[in-house]
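# Architecture and fold: a report
Listed below, chain by chain, are the residues.
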Amino acid sequence: MSEITSESLGGIGQSVKRKEDLRFILGKGSYVEDFYLPGMVYGCVVRSPFAHAKINGIDSSEALKVPGVMAVITAKELEGANLSWMPTLAGDTQAVLADKKVHFQSQEVAFVIGETQYAAADGAEAVEVDYEELPVVVDPFKALDPGAPLLRDDKEGQKDNHIFNWQAGDKEATEKAFQNAEVTVSQSTHYQRCHPAPMETCGCVADVNPGTGRTTIYITSQAPHAHRTVLALVSPLKEHTTRLVSPDLGGGFGNKVPVYPGYILATVASLTLGLPVKWIETRSENIQSTGFARDYHTTMELAATKDGKITALRVKTLADHGAFNAQANPMKWPAGLFSICTGSYDIPNAHVEVDAVYTNKAPGGVAYRCSFRVTEASYAIERAVDLLAGELKMDPVQLRKKNFIQPDQFPYTSVTGWEYDSGDYEKAMQVALDLVGYEDLRKEQAEKRAKGELMGIGISSFTEIAGAGPRKDFDILGLSMNDGAEIRVHPTGTVTARFGVKSQGQGHETTFAQILAEELGLPEADILVEEGDTDTAPYGLGTYGSRSTPVAGGAAVLAARKVREKGMKIAAHLLEVSEADIEWKNYQFQVKGAPAKAKTMAEVAFAAYTNAPPGEEVGLEATYYYDPPNFTFPFGTYICVLDIDNKTGEFKIRRFVAVDDCGTIINPMILEGQIHGGLTEGLAIATMQEIRFDDQGNCLNGSFMDYLLPTAVEVPNWDLDRTVTPSPHHPIGAKGVGESSNVGSPAAIVNAFVDALSHLGVTNIEMPVTPWKIWQLLHEKGVA
Amino acid sequence: MLPAQFEYHAPESLGDAIALLKQHGDEAKVLSGGHSLVPLMKLRFAAPAHIVDINGIPGLDYLKEENGVLKIGALVREADLETSDVVASKFPLILDTAKQIADPQVRNRATIAGNLAHGDPANDHPATMLALGAEVVIEGSGGERVLPVSELFVSTLTTALASDEIIKEVRVPVPPGKSGGAYLKIERRVGDFAIVAVAAQVTLDESGNIASAGIGLTNVAPVPVKATDAEASLAGKAPDEAALEEAGRLAAESCDPTTDNRAPAEYKRAMVKELTIRALRRAVERAQGGK
């Protein structure tokens, strides 16, 4: 028998091709829209044209005359079931259908059910709503004015538009450090409101079966178990008779974490009519009404010595949460992990303060390819460090090196309370500098400047925080953020493994199979990974915040090791030695000192069902729920090099080098794909995307006509490299990589733009950085 | 994204199509490439009761040079321009334009005549055809008429076409020797409508001076702009930087942009100047035999 190796198994570190791709390429994937149930009818949401208006009445009579329209549901119908409002994941309330007034443009006002999609859409157009416009609050700063209209008059005790104030760090010590500082810098920026914009919009097919008493909901959900629990808590549905199926998802990026009114409406409609009801958003509905991301107005300040040692960080943020506080953040952390904003630097004093407000905009604040506000944090510190470098006339590389947390400081406890697991920031940075040829680029830049040409080099040495989270302080609606893995090894040595997380394109079917292959000594091709069906999958809180590998990956390893423990007993029985004489080595059960005497996992599996040791249960299965002891802290250095047309402001990214360190790498090919995707999103945020509103609260770019996604033409060649610093506390040292590239890249790109114009006195450009913004600066400075 | 109900007609002759348009008046819209009309219908910004699909009408897809004129039939697709020898050899401006319209999928369906008939100043061919001095052949229930493209555009999304008229053919005079053109476009992202685009066409005389110039501007006014002052300023001049700069300045004066999602008006005006200079520069290079 040939030797079993990680390579032969397709184990950890192998670029195994993605198992899921064949069905996608062949058009055999199965998305929510692909489910057609017998008798199925269609729902369409009537949405508010106004951002803030009183509802004097809703007249459905014309809609009910439209051929094919079966019913119209308004808040009045929902009140009976106590469902006109629902809780949000952040502990606030959100209207399922507006009752007394609408709070944002595109808010759900009524739900029309039709025999066809066309009938439902025609019916929705025929619903007449009598609105009385109210003063609109768009600017979050003005939302706090004493005379500002009170938006949430539905909430008892709510006297203004303030949602919360949250602070971390030591205010007094930070103030003192700033008072004593030799140098300080300050910059206000807006990490603009953007949208995850997954290719597949949100939707569901709800099937409340009056005969079986069972409810099945095919749903675009990144967290089907959590969503089922929420449904059971707020509606008459029972958890055990309700089945949520999250099938193939066309992207999520945090947008499919919240519970949306449409899901509730389709379910209520199905309950009312006794028929399956399909509701699928249009693109504009998705952009205009579902979870946006970011929208942090932040003032970042650094204090430092003249020679560039950072002594304090002060960050003050006003967060625009829109009409309802529906952000997806762990309950005890209203600003998520934002206090990670000391980043990769050993900063002795820090104070972070976040105030959140209501405005007349769509609710959200989801973690768009981001671990709960770490993107906003990373952007703030990486921009601030460049600002300080500019003030000190120091090379930004040197300033970073001078302030990095050093390898021997790990585990490192930051002044805001995070315990960083491991890192070697300078090493990753050096790999990036060498790859891009930093010194030569700086020389070229000097030569170009002398000729009046514009070239910028931007650096971001980010630290991520991933893998929420340890249950001692992380929960969503009280649910521990732990995740399960269940392994069944079948008699013939093949495996079905199920998880509580849910891939939206990350490639779990492949990477989890590789982890199990490595741990079980069975080929990845013989391991089937299933997720998303609450009837079969073990409990878990789903996939977001780069938590699948750190949490469910840990569960996979530890469940596999439980299988191996039982396997030891069976192998000992088969090899007629005592269990103490068996070791797991070379991906098989071997007799210590006599490696020729061995049993493979497949042999052991067969015996588990045919020849189990006396007194042992038959079978070879295990389940494990993993509670990570800590977060993981992936990091890296990104460098962006770009050239700017000094007459038009048009730019071209010439090089983009990304060096990531996410600890142990499971599948290098999938990792590269993840990084490419996140960098592309980062580029889009930095240069194209912003959800904008006029002063009446009208969304100005609620479609892909104006909310831009980059194409292959805009995307530069991503030049990747990596270092590997394993996490000391994760069972296989993996840290998670899904989001680093979105977290780290916007600052690198904006730093490059600012760098290109820094000799003209430019210190900040707000995202998205567009040619016209650059031109305006050049025009002001007399260049263009 | 579901359009309102409409009745679909697929006439097999131009006469039948015009009869349908006459019968249904303002309630009918012509469908050719559909890449402007269908999005408007899906968003229910437009809800025509009758769609007259002219794609099945034979004999409208010709692209040919005849008696010194390039004739573009009503059903010629943008993609056809990209692969045409006569376009490649004699109309660099048209080739530039065709390559920059939307994306290849759109160009496979969208038509040149439709691009003009929609009356959208954001479309690219109006500027190009203004710069080239093109005409359109219009067929209606009252018969056929020929109209210079410079007289086609009335206001945003409104043209001189009556509700029962169809652009049957676009006619572009073949430029004399020592001519060249170029189309330059600034866009937010490839495939988007222009923030600003400029079409420039020049013909040089024997001495190398500019004999005539045509300049069209995209998306900087309620209608496509023919920058006549800038054109006139170039006549008889040597194609030097001072002349191009002056033409750029005059072109910028002739536009009337607004601030929108794409950019502030001041940027658009400045870019009209810069792109006019650059487009003229390239047009002159091409007229002098360059690529």
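Residues numbered from 1 in each chain as written. Chains lettered and ligands numbered in written order. Predicted model: local features only at pLDDT ≥ 70, side-chain atom pairs only at ≥ 80, totals over all residues. Heavy atoms only, no water.

### So, the overall build of chain A
Regarding its fold elements, chain A presents 19 helices and 33 strands. For a compact globule of 784 residues, the expected C-alpha radius of gyration is about 28 Å, and chain A comes in at 27 Å, within 12% of that figure. In terms of principal-axis extent, the alpha carbons of chain A reach across some 85 × 75 × 50 Å. Taken over 784 residues, chain A has a buried fraction of 64%. The long-range share in chain A, meaning contacts at least 24 apart out of those at least 6 apart in sequence, stands at 80%. (Helix = DSSP H or I, 4+ residues; strand = E, 2+ residues; numbered from the N terminus. Rg over C-alpha atoms; globule rule 2.2 N^0.38 Å. Buried < 20%, exposed > 50% of the residue type's maximum accessible area, 1.4 Å probe, protein only. Contact = heavy atoms within 4.5 Å.)

### Quick look at the confidence of the model for chain B
On average, residues of chain B score 97 in pLDDT, and 100% of them are at 70 or above. As scored by the predictor, the complex reaches a pTM of 0.97 and an ipTM of 0.97. (pLDDT = per-residue confidence, 0-100.)

### Looking at the domain arrangement of chain B
The figure often quoted for interface size is the accessible area lost as the parts come together. Residues and elements named next belong to chain B. Examined at the domain level, chain B breaks down into domain 1 (7–53), domain 2 (63–173) and domain 3 (179–284). The C-alpha centroid of domain 3 is placed 19 Å from the C-alpha centroid of domain 2. If you look at the interface, domain 2 gives 22 residues, while domain 3 gives 24 residues. For the pairing of domain 2 and domain 3, the buried interface totals around 1,800 Å² over both sides, and the portion due to carbon and sulfur atoms is 59%. For the domain 2 face of the interface with domain 3, the top three residues by lost area are Gln100, Pro121 and Leu130, together amounting to 28%. Run the count over domain 2 and domain 3 and you get 1 salt bridge. Two residues, aspartate 124 and lysine 185, come together in a salt bridge whose shortest N-O distance is 3.2 Å. (Domains from an automatic or database assignment. Buried area = accessible area lost by both parts, 1.4 Å probe. Salt bridge = Lys/Arg side-chain N within 4 Å of Asp/Glu carboxyl O.)

### Some remarks on the domain arrangement of chain A
Residue and element names in this part refer to chain A. Its domain assignment divides chain A into domain 1 (6–28 + 483–626), domain 2 (32–134 + 201–249 + 256–289) and domain 3 (292–468 + 630–780). Once you take the C-alpha centre of each, domain 1 and domain 3 turn out to be 37 Å apart. With 28 residues of domain 1 at the interface, the matching set in domain 3 holds 26 residues. Both faces considered, domain 1 and domain 3 share a buried interface measuring about 1,800 Å² in area, 64% of it formed by carbon and sulfur atoms. In terms of surface lost to domain 3, no three residues of domain 1 exceed Gly545, Ser546 and Pro550, which account for 27% of the buried area on that side. Here domain 1 and domain 3 share 0 salt bridges between them. Secondary structure elements with two or more residues in the side of domain 1 that touches domain 3: helix H14 (508–520) and helix H15 (548–575). Looking at the side of domain 1 that touches domain 3 element by element, the count peaks at 8 residues for H15. The class makeup of the residues in the side of domain 1 that touches domain 3 is 9 nonpolar, 14 polar and 5 charged. (Nonpolar A, V, L, I, M, F, W, Y, C, P; charged D, E, K, R; others polar.)

### Topic: the packing of aromatic side chains
Residues and elements named next belong to chain A. Going through the model one piece at a time under the given rule, you end up with 29 aromatic pairs over all chains. Ring plane angle 10° and centroid distance 4.9 Å describe the contact between tyrosine 420 and phenylalanine 633, whose orientation is recorded as stacked. Pair noted here: tyrosine 420 is in strand S20 (residues 419–420) and phenylalanine 633 is in the loop between strand S30 (621–626) and strand S31 (635–644), with a separation of 213 residues, a long-range link. Neither residue differs from the other here; tyrosine 420 and phenylalanine 633 are each classed as buried. Three or more aromatic residues link up through ring pairs in this structure, and these residues are Trp166, Trp333, Trp418, Phe474 and Phe631. Against the face of tyrosine 36 rests lysine 278, its NZ or CZ located 3.6 Å from the ring centre. Across the ring face of tyrosine 544, the terminal group of arginine 547 is positioned such that the distance to the ring centre comes to 5.4 Å. (Phe/Tyr/Trp six-rings, centres within 6.5 Å; stacked < 30°, edge-to-face > 60°. Lys NZ or Arg CZ within 6 Å of the ring centre and 35° of its normal.)

### Remarks on the interface of chain A and chain B
On the chain B side, the residues contacting the 28 residues of chain A number 23 residues. For the pair chain A and chain B, the summed buried surface comes to about 2,200 Å²; carbon and sulfur atoms form 56% of the total. Taken together, the links from chain A to chain B amount to 4 salt bridges. Taking the shortest distance from any N to any O, the salt bridge between arginine 188 of chain B and aspartate 706 of chain A comes out at 2.9 Å. At the junction of chain A with chain B, the criterion picks out 11 residue pairs in polar contact (both at pLDDT 80 or more). Among the elements of the structure, helix H5 (117–126) and helix H19 (771–780) of chain A are those that each provide at least two residues to the side of chain A that touches chain B. It is H5 of chain A that contributes the most residues to the side of chain A that touches chain B, 5 residues altogether. Residue classes in the side of chain A that touches chain B are distributed as 13 nonpolar, 7 polar and 8 charged. (Polar contact = N/O pair within 3.5 Å; in protein donor to acceptor, adjacent residues only side chain to side chain.)

### Let's talk about empty space enclosed by the protein
Over the atoms rolls a probe the size of a water molecule, and its path tells where empty space is left. All names here are of chain A. Evaluation of the coordinates by the stated rule reveals 10 cavities of 30 Å³ or more. Considered as a void within the structure, the largest cavity measures approximately 80 Å³ in volume. Along the walls of the largest cavity sit Leu89, Ala223, Ala226, His227, Val230, Val257, Ile476, Leu477, Leu479, Leu541 and Tyr544, which together make up its complete lining. Per-element tally for the lining of the largest cavity: the top contributor is helix H7 (residues 224–234), with 3 residues. Its residues assigned to classes, the lining of the largest cavity comprises 10 nonpolar, 1 polar and no charged. (1 Å grid on protein atoms, 1.4 Å probe; cavity = no way out; pocket = protein on both sides within 12 Å on 5 of 7 lines; lining within 4 Å. Points joined across faces, edges and corners; volume = space filled by probe spheres on them.)

### A few points about the pairing of strand S13 (residues 242–245) of chain A
All names here are of chain A. In this structure, strand S12 (residues 215–219) lies alongside S13, joined through 4 bridges in parallel fashion. Note that in S13 the partner of isoleucine 217 across the bridge is leucine 244. A crossover connection joins S12 to the parallel S13 through H7; in handedness this β-α-β unit is right-handed. (Pairing = 2+ DSSP bridges. Right-handed = clockwise from strand over helix to strand, strands pointing away.)

### Focus: the pattern of salt bridges
With the rule as written, the count across this model stands at 67 salt bridges over all chains. Between lysine 735 of chain A and aspartate 421 of chain A there is a salt bridge, with its nearest N and O atoms 3.4 Å apart. Placement of lysine 735 of chain A in the loop between strand S33 (718–722) and helix H18 (740–757) and of aspartate 421 of chain A in the loop between S20 and helix H12 (425–436) is noted, with a sequence separation of 314 residues between them. Judged by relative accessible area, which is 5%, aspartate 421 of chain A ranks as buried. Between arginine 107 of chain B and glutamate 82 of chain B there is a salt bridge, with the nearest N and O atoms lying 2.8 Å from each other. Remark: glutamate 82 of chain B occurs in helix H3 (residues 78–82) and arginine 107 of chain B occurs in helix H6 (residues 104–109); sequence separation between them is 25 residues. Note on glutamate 82 of chain B: relative accessible area 28%, which makes it partly exposed.

### Focus: the sheet that holds strand S2 (residues 28–31) of chain B
Two strands in a sheet stick together by hydrogen bonds in their backbones, pointing the same way (parallel) or opposite ways (antiparallel). Residues and elements named next belong to chain B. Read across the open sheet, the 3 strands follow the order S1-S3-S2; overall the sheet is parallel. Only two strands of the sheet have a single partner each, and these edge strands are strand S1 (7–9) and S2. Each adjacent strand pair in this sheet contributes to an overall mean axis angle of 25°, direction not counted. Bridge count for S1 against strand S3 (residues 50–53) is 3 bridges, and the pairing is parallel. (Axes fitted to C-alpha atoms, helices over the stretch in contact; angles between N-to-C directions.)

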